[in-house]
Amino acid sequence: MTDFASLLHPDRGQPATSIHVVRPDAFATWLAAQPPRIRTAIAAHGLTGKPGDRAVLPGDAADHWSMLLVCDEATTSPWRIASLGGSLPAGTYRIADGDVGAAGLGWMLAQHVFDRYRKLPAKGARVLLTTDAASIDATVRLAEATALVRDLVNTGASDLGPAELEAEAEALAARHGATVTTTRGDALATGYPMIHAVGQAASKDRAPRLIELEWGDPAHPRVALVGKGVCFDSGGLDIKPSAGMRLMKKDMGGAAHTLALAALVMGARLPVRLHLLIPAVENAIAGNAFRPGDVLDTRQGLTVENTNTDAEGRLVLGDALTRAVEGKPDLILDFATLTGAARVALGPDLPPLFTDDETLAAELIAASHAQADPVWRMPLWNAYDDMLKSDVADLVNAPDGGFAGAITAALFLRRFVPAGIAWAHLDVFAWRPVGKPGRPKGGEAYALRAAFAMLARRYPR
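Residues numbered from 1 in each chain as written. Predicted model: local features only at pLDDT ≥ 70, side-chain atom pairs only at ≥ 80, totals over all residues. Heavy atoms only, no water.

A. Region of the structure containing the nonpolar core. One finds L165, L213, L333 and L455 to be the most contacted residues of the largest nonpolar core, which totals 89 residues. Those residues within four positions of L455 in sequence are excluded, and the remaining contacts are V223, L261, V265, L270, L331 and L333. With 43 residues, the next largest nonpolar core counts V226, V230, L296 and L315 among its residues. (Core = buried A, V, L, I, M, F, W, Y, C linked by side-chain atoms within 4.5 Å. Buried < 20%, exposed > 50% of the residue type's maximum accessible area, 1.4 Å probe, protein only. Contact = heavy atoms within 4.5 Å.)

Structure representation (structure tokens):
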């Protein structure tokens, strides 16, 4: 893991190279105020103040220089100077006009690389100075949590199965004084039958399990985080085509998000009783794989006609949500790489938010704006409940026709959360198909900062 704490330091007036961050609409005014050597350098570069323009500016001595970046990102954006964090030479830097603000996060994440499978040359640390020393620890924790999601999602399924997710939860618990309880293999058959059914075809060393972490004072409000942990999804007997299977190492992205969110909650010592639940499975193909047409029991008591073995995530989440409800939580948040329909509707960068709780929706949306970590609310449209009807069971897991797939998946999950409990479902992609500054192609955290900001505001220290 990157040593993020080494990349953001208090500004005590130590020597540092200046970074001039200028908005396009302020570029002409800024340029007019510069000495002739700066104006000459800008003219030599042919810069006109377009977003993305940058230049090394001469200083007043042979060994001194500064950096110009023309940027139209808001000052609240974490990615405002991320392009420099990943490209400048090793050294110490400060923003010339104003302080770092949210940009410290992007600066640090731009220097994080996933290097488990390849050796990369060391580039040296690019240290950013901030006058807001009190914010450094919190920003470092956000960077660590984001990097955790990225690294877990980027790890190949051969190296990250249900047992490895359990080990991640154990390591997290050890760092924060939490406890972990895991129900594995055939022990799931009676208590968590849908988790067992989805994972039963995997090899013994990749047996399904429900991982539960508990932390905090039992007298505090109980908050449950539920993360889909499908460590690889072949599609089961309704097998995916090779193109659809290519990225299915990321199908445990919901679990990665909840592990990271739990780390943030415990690191900030929010006054909650935390209950993290990860149903961890591999949706494999073997002679004992669950089949289309099978009717599955559930922990809640409903019966589910399995119409598609590739709609397995909602099955394992159903049993985990039921377990979460048994603790009488004040709030449940679930994260899941659940539907391709969500990507068709909103693309990879914008996770849909589903909730019937207006207060919770408003809090999450407000936090998403404040953190530049967007979500988009989609409806739990009651009329579509009819699509979940089965001829032989209480409901189906995947309606025929494919209409409103993200909504019907969320409606399926809602069947396992009784009215009166605040619950939100986030259908995250957990993958960035095209890299951006500070956000390389690969595993990615979506709505993580928004969810944590909402929790920190709802349960203040």
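B. Representation of the packing of helix 5 (residues 136-154) against helix 15 (residues 448-458) within the structure. As a packed pair, helix 5 and helix 15 sit with axes 11 Å apart at the nearest point and diverge in direction by 135°. Here helix 15 runs oblique to helix 5, going by the angle between their axes. The two elements helix 5 and helix 15 cross, and the hand of that crossing is right-handed. Two secondary-structure elements touch here, helix 5 through L142, A145, T146 and V149 and helix 15 through L448, R449 and F452. Looking at the contact of helix 5 with helix 15, its residues break down into five nonpolar, one polar and one charged. (Axes fitted to C-alpha atoms, helices over the stretch in contact; angles between N-to-C directions. Helix = DSSP H or I, 4+ residues; strand = E, 2+ residues; numbered from the N terminus. Parallel < 35°, antiparallel > 145°, perpendicular 65-115°, else oblique. Left-handed = near helix turned anticlockwise from the far one by under 90°. Nonpolar A, V, L, I, M, F, W, Y, C, P; charged D, E, K, R; others polar.)

C. Fine view of the environment of R291. The topology assignment puts R291 in the loop between strand 11 (273-283) and strand 12 (295-297). Under the relative-accessibility criterion, R291 is labelled partly exposed at 43%. Each C-alpha atom, one on R291 and one on F354, is 29 Å from the other, the two residues being 63 residues apart in sequence.

D. The arrangement of the layout of surface pockets in detail. If you add up the space inside the largest pocket, you get close to 1100 Å³. Of all the secondary structure elements, the ones that give two or more residues to the lining of the largest pocket are helix 3 (82-85), helix 5, helix 6 (162-176) and strand 20 (442-443). By residue number, the principal contributor to the lining of the largest pocket is helix 5, which donates five residues. Considered class by class, the residues forming the lining of the largest pocket number 18 nonpolar, 12 polar and 12 charged. (1 Å grid on protein atoms, 1.4 Å probe; cavity = no way out; pocket = protein on both sides within 12 Å on 5 of 7 lines; lining within 4 Å. Points joined across faces, edges and corners; volume = space filled by probe spheres on them.)

E. Quick peek at the environment of V272. Looking at where V272 falls in the secondary structure, it is placed in the loop between helix 10 (253-267) and strand 11. When its relative accessible area of 2% is taken as the criterion, V272 is described as buried. As a C-alpha pair, V272 and P460 span 188 residues in sequence and 9.5 Å in three-dimensional space. With residues near it in sequence (within four places) discarded, V272 still touches W215, G216, D217, H220, P221, V223, V265 and Y459.

F. Broad picture of the packing of aromatic side chains. Using the criterion set out here, one finds five aromatic pairs in the structure. For the pair F114 and Y117, a centre-to-centre distance of 5.8 Å together with 70° between the ring planes defines the contact as edge-to-face. Assessed through its relative accessible area of 21%, F114 is described here as partly exposed. We classify Y117 as partly exposed; its relative accessible area is 47%. Feature note: the residues W65, Y93 and W107 constitute an aromatic cluster, connected by ring pairs. (Phe/Tyr/Trp six-rings, centres within 6.5 Å; stacked < 30°, edge-to-face > 60°.)

G. Seen up close, the side chain of R206. Assignment of secondary structure puts R206 in the loop between helix 8 (193-199) and strand 8 (209-215). One polar contact links the side chain of R206 to the main-chain carbonyl oxygen of A157, over a distance of 2.8 Å. Leaving out residues up to four positions away in the same chain, R206 has contacts with A157, S158, L160, G161, P162 and E282. (Polar contact = N/O pair within 3.5 Å; in protein donor to acceptor, adjacent residues only side chain to side chain.)

H. View of the sheet that holds strand 5 (residues 91-95). Taken in spatial order, the six strands line up as 1-6-5-2-4-3 in an open sheet, and their pairing is mixed. In this open sheet, the two strands that pair with only one neighbour each are strand 1 (8-10) and strand 3 (54-58). In this sheet, neighbouring strand axes are inclined to one another by 30° on average, regardless of whether the strands run parallel or antiparallel. With three bridges joining them, strand 5 and strand 6 (residues 126-130) adopt parallel strand pairing. Across the sheet, Y93 pairs through a bridge with L128, a residue of strand 6. Sitting on the sheet, helix 2 (residues 36-45) is in contact with strand 3 and strand 4 (65-70), with an inclination near 145° to strand 3. (Pairing = 2+ DSSP bridges.)

I. Broad picture of the pattern of salt bridges. Going through the model one piece at a time under the given rule, you end up with 28 salt bridges. Put simply, E214 and R273 hold a salt bridge, and the shortest N to O gap is 3.4 Å. Residue E214 is found in strand 8, and its partner R273 is found in strand 11; the two are separated by 59 residues along the sequence. R273 shares its class with E214; the two are buried. In this structure, R299 engages E326 in a salt bridge whose closest nitrogen and oxygen atoms are separated by 2.9 Å. Of the two residues, R299 is situated in the loop between strand 12 and strand 13 (303-305) and E326 in helix 11 (residues 313-326); the sequence distance between them amounts to 27 residues. Given the relative accessible area of 38%, E326 is considered partly exposed. (Salt bridge = Lys/Arg side-chain N within 4 Å of Asp/Glu carboxyl O.)

J. Spatial organisation of the packing of helix 5 against helix 10. As a packed pair, helix 5 and helix 10 sit with axes 9 Å apart at the nearest point and diverge in direction by 160°. Here helix 10 runs roughly antiparallel to helix 5, going by the angle between their axes. Classified by chirality, the crossing of helix 10 by helix 5 is right-handed. On helix 10, the residues that touch R141, L142, A145, L148, V149, L152 and V153 of helix 5 are G253, A256, H257, L259, A260, L264 and G267. Taken together, the residues of the contact of helix 5 with helix 10 break down into 10 nonpolar, three polar and one charged.

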